[in-house]
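Structural overview for review
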Amino acid sequence: MRSSTHTGTFADAAPPPERRAPRRWDRARRALPFALAIALVAFVLGRLDLDAFRAALARVDAPLFGGFAALFILALLGADTFATVLVYRRLIAPVAFRDFFVLRGASYLPSLLNHHVGQAFITVFLARAHGVPLARVAGATLVVYASWLGCLLLLGAVAVPANGGPLAGSALLLAAGVLYLAVLALRPARLARTKLLAPLFEAGVRGHLVALAARVPHLLVLFAGTWLPFWFFGVRIPLGAALTYIPILMVAVTLPLTPQGFGTRDVLAAALLEGFAAGVTREERLAAIAATTTTWAVALTLVEAALGLVLLRGVLPHMEAKDPTAAAPEGAAPTSAQREPA
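The notes below deal with the structure included here. (Residues numbered from 1 in each chain as written. Predicted model: local features only at pLDDT ≥ 70, side-chain atom pairs only at ≥ 80, totals over all residues. Heavy atoms only, no water.)

Okay, the overall build of the chain next. The number of helices and strands found in the chain is 14 helices and 0 strands. Element order for the chain, N to C, with α for helix and β for strand: α-α-α-α-α-α-α-α-α-α-α-α-α-α. When the 342 residues of the chain are sorted by exposure, 41% land in the buried category. Summing over all exposed atoms, the chain offers an accessible surface of approximately 18200 Å²; the carbon and sulfur share of this is 69%. (Helix = DSSP H or I, 4+ residues; strand = E, 2+ residues; numbered from the N terminus. Buried < 20%, exposed > 50% of the residue type's maximum accessible area, 1.4 Å probe, protein only. Areas by Shrake-Rupley, 256 points an atom, 1.4 Å probe, with all protein chains shown as cover.)

Structure representation (structure tokens):
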């Protein structure tokens, strides 16, 4: 046994730097989206005439605006549940609409960090509740993502020529979707056998088109909920222009850059929508846009946090009580519970 001349205590010994560094990096990585959001919001507010900003806020009917936010969240939750539950029923288990409605609403709490954290919450919970391998549920979640991206591609393909853009832009967007469907139809063996990607190929072209059609109501609700709040503040965006600019805001909010799109929404809206705002001066127009984006983000955060808390109190015992021996769809790997005799 090797001897040591070190006479200090264990308390004197500093933790190895190679162990501290990853922890520090993880903390910094988790804090970065919040720091970026604060910096972007500060940048936007720092450019404003605060008197004009307060005047824009004062013109809004607060109870009506809050009621609209609550109605929007409930409509969005219902439309999202309708589209998503069809995918999970086909690929995972017979998930009830009510159960997923509660689960999706409960996921609004982790979604306050960003949209993808909420999706991860749903994926892990469904895997545990129904005894299905996590990789398979994650693959089904990819089908959900694909239906959403397909809707955005179609919306962009319509919006570009509607606003005088080149048809080549629409063709490029549609070509991306067609290429994806072609890969699904060809079913490359190496990809189709991958646990994570197998649900994509099991859904196939037909399943993706059905999922896309079911996602359209969700897209319309989200579009309206991104577009109409500006009208409360005198930022009147015609439908044609909204088809071009609103999808950009919709996508930006879901990017894992800042929680709930704080900051990114504000910067993009100021850059894209100033020409549609009421006001004689540029300061007044920017104030109206900033009042919309900040107030809407705060209203949605409060409504989603309250709804998420209420549903989360009941969703865990309700979902965990589900029988994991329920038959999984064809192609799903059986669990140990499913292999046991009744």
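Attention shifts here to unusual backbone geometry. Positive phi is not limited to glycine here, since Arg 187 has a value of about 50 degrees. Within the secondary structure, Arg 187 is located in the loop between helix H8 (167–186) and helix H9 (189–192).

A few words now on the environment of Tyr 88. Assignment of secondary structure puts Tyr 88 in helix H3 (residues 62–91). Overall, the relative accessible area of 0% leaves Tyr 88 in the buried class. When the C-alpha positions of Tyr 88 and Thr 141 are compared, they lie 8.0 Å apart, and in sequence the two are 53 residues distant. Beyond its immediate chain neighbours, meaning those up to four positions away, Tyr 88 contacts Ala 93, Val 95, Phe 100, Ile 122, Thr 123, Leu 126, Val 137, Ala 140, Thr 141 and Val 144. A distance of 2.7 Å separates the side chain of Tyr 88 from the side chain of Thr 141, its partner in a polar contact. (Contact = heavy atoms within 4.5 Å. Polar contact = N/O pair within 3.5 Å; in protein donor to acceptor, adjacent residues only side chain to side chain.)

The next subject is the packing of aromatic side chains. Under the counting rule described, the total for this entry stands at 12 aromatic pairs. Ring centres 5.7 Å apart and planes at 55 degrees place the aromatic pair Phe 223 and Trp 227 in the tilted group. Here Trp 227 and Phe 223 lie together in helix H10 (residues 198–227), a separation of 4 residues that amounts to about one turn. On the basis of relative accessibility, which here comes to 15%, the residue Trp 227 falls in the buried class. When the ring of Tyr 245 is compared with that of Phe 276, the centres are 6.1 Å apart and the planes differ by 55 degrees; the resulting orientation is tilted. (Phe/Tyr/Trp six-rings, centres within 6.5 Å; stacked < 30°, edge-to-face > 60°.)

What follows concerns the environment of Gly 207. Tracing the sequence through the fold places Gly 207 in helix H10. Between the C-alpha atoms of Gly 207 and Val 87, which are 120 residues apart in sequence, the distance is 8.3 Å.

Counting 48 residues, the largest nonpolar core has Phe 230, Ile 237, Ile 246 and Met 250 as its most contacted members. The leading source of residues in this core is helix H13 (residues 282–320), at 11 residues. Setting aside its immediate chain neighbours within four residues, Ile 246 contacts Phe 223, Thr 226, Trp 227 and Ile 237. By size, the runner-up hydrophobic cluster in this structure holds 25 residues, among which are Ala 93, Val 95, Leu 126 and Leu 184. (Core = buried A, V, L, I, M, F, W, Y, C linked by side-chain atoms within 4.5 Å.)

With 16 residues, helix H6 (residues 115–130) extends 23 Å between its outermost C-alpha atoms, agreeing within 8% with the 22 Å of an ideal straight helix rising 1.5 Å per residue. All of the buried residues in H6 are Gly 118, Gln 119, Ile 122, Thr 123, Phe 125, Leu 126, Ala 127, Ala 129 and His 130. Once H6 ends, the next one or two residues include Gly 131, with phi positive near 65 degrees. (Expected span 1.5 Å × (residues − 1).)

Bringing the side chain of Thr 123 into the picture now. Here Thr 123 lies in helix H6. For Thr 123, the residues in contact, after removing those within four places along its chain, are Tyr 88, Leu 134, Val 137, Ala 138 and Thr 141.

Looking now at the packing of helix H4 (residues 97–106) against H6. Between H4 and H6, the least distance of the axes is 9 Å, while the angle of their chain directions is 140 degrees. For the element pair H4 / H6, the angle class is oblique. Judged by the sense of rotation from one axis to the other, the crossing of H4 with H6 is right-handed. When H4 is examined against H6, the residues Phe 100, Leu 103, Arg 104 and Ala 106 are found in contact with a partner set consisting of His 115, Gln 119, Phe 121, Ile 122, Phe 125 and Leu 126. By residue class, the composition of the contact of H4 with H6 is 7 nonpolar, 2 polar and 1 charged. (Axes fitted to C-alpha atoms, helices over the stretch in contact; angles between N-to-C directions. Parallel < 35°, antiparallel > 145°, perpendicular 65-115°, else oblique. Left-handed = near helix turned anticlockwise from the far one by under 90°. Nonpolar A, V, L, I, M, F, W, Y, C, P; charged D, E, K, R; others polar.)

It is worth stressing that arrangement in space is one thing and function is another; only the former is reported here.
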